[in-house]
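An overview of the molecular structure
So the chains spell out like this:
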Amino acid sequence: MTMRAVVRGVGHYLPERVVPNAEFEAKVDTSDEWIRSRTGIERRHFAAEGQTTSDLAIRAAQAALTDAGMTVDQIDAIIVATSTPDFTFPSVATMVQAGLGSTSGFAFDVQAVCAGFVFALANANGMILSGQANRVLVIGAETFSRIMDWNDRTTCVLFGDGAGALILEAQEGNGTSADRGILSSDLNSDGRHRDLLYVDGGVSTTGTAGVLKMQGNSVFKHAVVKLAETAHKALDKAGLTSQDVDWIVPHQANLRIITATAERMQVSMDHVVVTVQDHGNTSAASIPLALSVGKARGQIKQGDLVVTEAIGGGLAWGSVVLRW
Ligand code: UT7
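Attention in this report is confined to the structure presented alongside it.

Rules and cut-offs
Here the residue numbers are simple positions, counted from 1 along each chain's written sequence. Under the rules for a predicted model, residues below a pLDDT of 70 receive no local features and side-chain atom pairs below 80 are neither given nor counted, while totals for whole chains, interfaces and linings still include all residues. Values shown for side chains rest on all heavy atoms present in the structure; no hydrogens or waters enter the calculation. Side-chain rings of Phe, Tyr and Trp, where Trp is taken by its six-membered ring, are said to pair if the distance between their centres is within 6.5 Å; with planes under 30 degrees apart they count as stacked, over 60 as edge-to-face, and otherwise as tilted. Only DSSP runs of H or I with at least four residues qualify as helices, and only runs of E with at least two residues qualify as strands; both kinds are numbered from the N terminus onward. Ring-over charges, as used throughout, are those where CZ of Arg or NZ of Lys falls within 6 Å of the ring centre and within 35 degrees of the ring normal. Two strands qualify as a pair provided that DSSP identifies no fewer than 2 bridges between them. Axis lines are fitted through C-alpha atoms, for helices just across the contact stretch, and the angle between N-to-C directions can take any value from 0 to 180 degrees. Contacts are assigned to residue pairs that have any heavy atoms within 4.5 Å of one another. In the sections that follow, a salt bridge refers to a side-chain nitrogen of Lys or Arg positioned within 4 Å of a carboxyl oxygen of Asp or Glu. Joining through side-chain atoms within 4.5 Å is the link that ties buried Ala, Val, Leu, Ile, Met, Phe, Trp, Tyr and Cys residues into a set, and such a set is a nonpolar core. Think of it in three bands: with a 1.4 Å probe and only protein chains considered, a residue is buried below 20% of the maximum accessible area for its type, exposed above 50%, and partly exposed in between. Domain start and stop positions are those given by an automatic or database domain assignment. Any residue with at least one heavy atom within 4 Å of a molecule or strand is counted as near it. Polar contact is the term for a pair of N or O atoms within 3.5 Å; when the atoms are in protein, one must be able to donate a hydrogen and the other to accept it, and sequence-neighboring residues count only if both atoms are side-chain atoms. All accessibility values rest on the Shrake-Rupley procedure with a 1.4 Å probe; residue burial counts only the protein chains present in the view. Any residue that is not Ala, Val, Leu, Ile, Met, Phe, Trp, Tyr, Cys, Pro, Asp, Glu, Lys or Arg is counted as polar, Gly included; the first ten are nonpolar and the last four charged.

Right, let's talk about the packing of aromatic side chains for a bit. Pairs of aromatic rings are described using the distance from one ring centre to the other and the angle between the two planes. All chains considered together, the criterion is met by 3 aromatic pairs. The interplanar angle of 65 degrees and the centroid separation of 5.6 Å between the aromatic rings of F46 and W150 together place this pair among those described as edge-to-face. One end of the pair, F46, is in strand β3 (residues 43-46); the other, W150, is in the loop between β6 (135-143) and α6 (153-156), and 104 residues separate them in sequence. When the ring centre of F24 is taken as origin, the NZ or CZ atom of K27, which lies over that ring, is 5.7 Å away. The ring centre of W317 lies 5.1 Å from the NZ or CZ of K226, which sits over that ring.

Now the structure itself:
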């Protein structure tokens, strides 16, 4: 018998305000046509004034608990992946814990920018396999609209706000790749590339939150190579190949990156969950959002082999292979 971290529930929350590409035409020198054709993005959601990352995370967590038919007192650990916390500290995860009405277990944040959810999933898996927790609530939640430079057309049109959540539970499997649950992961980072994608503020530097800066084209080139590579490495660790994949659930940054990665993996776009048109790039929230939407659309079903992959600031990138 082998212990596995099996998905028991999934949910998401998007702020009410939908911002179509056209809204940016009045603010910066851009067009709906450029944004659609270069990124695939058509609209994104922005948090209301006063609405915080923990607010979004709590709503997504509640949806996941409902989906799992669980109450929060059954959860041992809460991990939130975010780069846009409400405060420098405490963690968003402890705010979610309190917001859900829990006083048991433990909660902490993970920061690996757009790859944050993949890193958080791998962490949750490690905790379940080591016996530290039986049920882990893993959340990706972001308010990237708070760190945009609204005068920079190369970044401000790309990002959105939202949250997604997954509940993992320890269950015994047979130790084969036919088991449900997380089968493998592959995590990477290379801090030499920090200038490609960063926020120009912080506690020990400027004392301000700062705004996002990105050399989009360079990140694009790294993404296309590294995402297929990490997905292959994770599949290989699980003793699987691209042919076994039912769904790629990629980080939703750019439709051209998603398509190029699927091509490199020789997986048809019919087996890729795409939400970038509706959400934009929601950083650590994009994969759990896509998992939740993919399930709601009837795409992801129990027993399906799902490959998640993401890359972002750091650079940090990785992949998790799981059977739903
Ligand atoms: O989530 C973390 C990981 N992030 C990513 O994966 C993002 C990766 N990068 C990308 O998605 C793409 O690089 C972008 C969508 C950001 C940019 O697309 P690109 O095809 O790489 O364009 P580019 O940066 O090479 O720029 C092409 C042109 C430039 O004009 P010139 O210099 O050729 O005259 C830009 O100034 O497009 C211009 N441009 C725009 N034009 C209209 C850049 N942004 C805009 C805009 N509207 N919003």
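Reading across from one edge, β1-β7-β6-β4-β5 is the order of the 5 strands in this open sheet, with mixed pairing throughout. Lying at the two open borders of the sheet, with one neighbouring strand each, are β1 (2-13) and β5 (106-110). Neighbour to neighbour, the strand axes of the sheet diverge by 20 degrees on average, direction disregarded. As paired strands, strand β4 (residues 77-81) and β5 are joined by 5 bridges and run parallel to one another. Across the sheet, the residue bridging to I78 is A107, located in β5. Lying over the sheet, helix α5 (residues 116-129) contacts β1, β4, β5, β6 and β7 (161-173), oriented at roughly 165 degrees with respect to β6. Sheet contacts for helix α10 (residues 286-296): β1, β6 and β7; angle to β1, the most-contacted strand, approximately 85 degrees.

A word on the sheet that holds strand β13 (residues 316-323). On the basis of which strands lie adjacent, the open sheet formed by 4 strands has the order β8-β13-β12-β11 and mixed pairing. Both outer strands of the open sheet, β8 (181-189) and β11 (247-250), are each paired with one neighbouring strand and no more. Across the sheet, the mean angle from the axis of one strand to that of its neighbour is 15 degrees, orientation sign disregarded. Two elements, β8 and β13, share 8 bridges in a ladder whose sense is antiparallel.

One side chain can pair with another of opposite charge once the charged atoms of both are near each other. All told, the structure shown has 14 salt bridges when counted by the stated rule. The residue D195 makes a salt bridge to R194 at a minimum N-O spacing of 3.7 Å. One connected set of salt bridges, linked through shared partners, spans D32, R36, E42, R43 and D278.

It is worth spelling out the nonpolar core at this point. Counting 47 residues, the largest nonpolar core has L235 and V321 as its most contacted members. Counting residues per element, the ones that place at least two in this core are α7 (216-237), α8 (255-264), β12 (305-312) and β13. No other element matches the 9 residues that α7 contributes to this core. Mapped onto the domain boundaries, this core takes at least three residues apiece from domain 1 (2-173) and domain 2 (181-323). Membership of the second largest hydrophobic core comes to 37 residues, among which are V10, A81, I128 and V249.

Around the ligand, the surrounding shell holds 24 residues, and the nearest of these are T30, R153, N217, N254 and N281. For the ligand, a nitrogen atom lies 2.6 Å from a polar atom in the side chain of T30. Taking N254, its side chain carries an N or O atom lying 2.7 Å from an oxygen atom of the ligand. For the ligand, whose unbound accessible area comes to 960 Å², protein coverage reaches 73%. Those elements that provide at least two residues to the shell around the ligand are α2 (32-39), α6, α7, α8 and β12. At 4 residues, the largest contribution of residues to the shell around the ligand is made by α7. Here the shell around the ligand is composed, by residue class, of 11 nonpolar, 9 polar and 4 charged. In terms of domain composition, the shell around the ligand takes at least three residues from each of domain 1 (2-173) and domain 2 (181-323).

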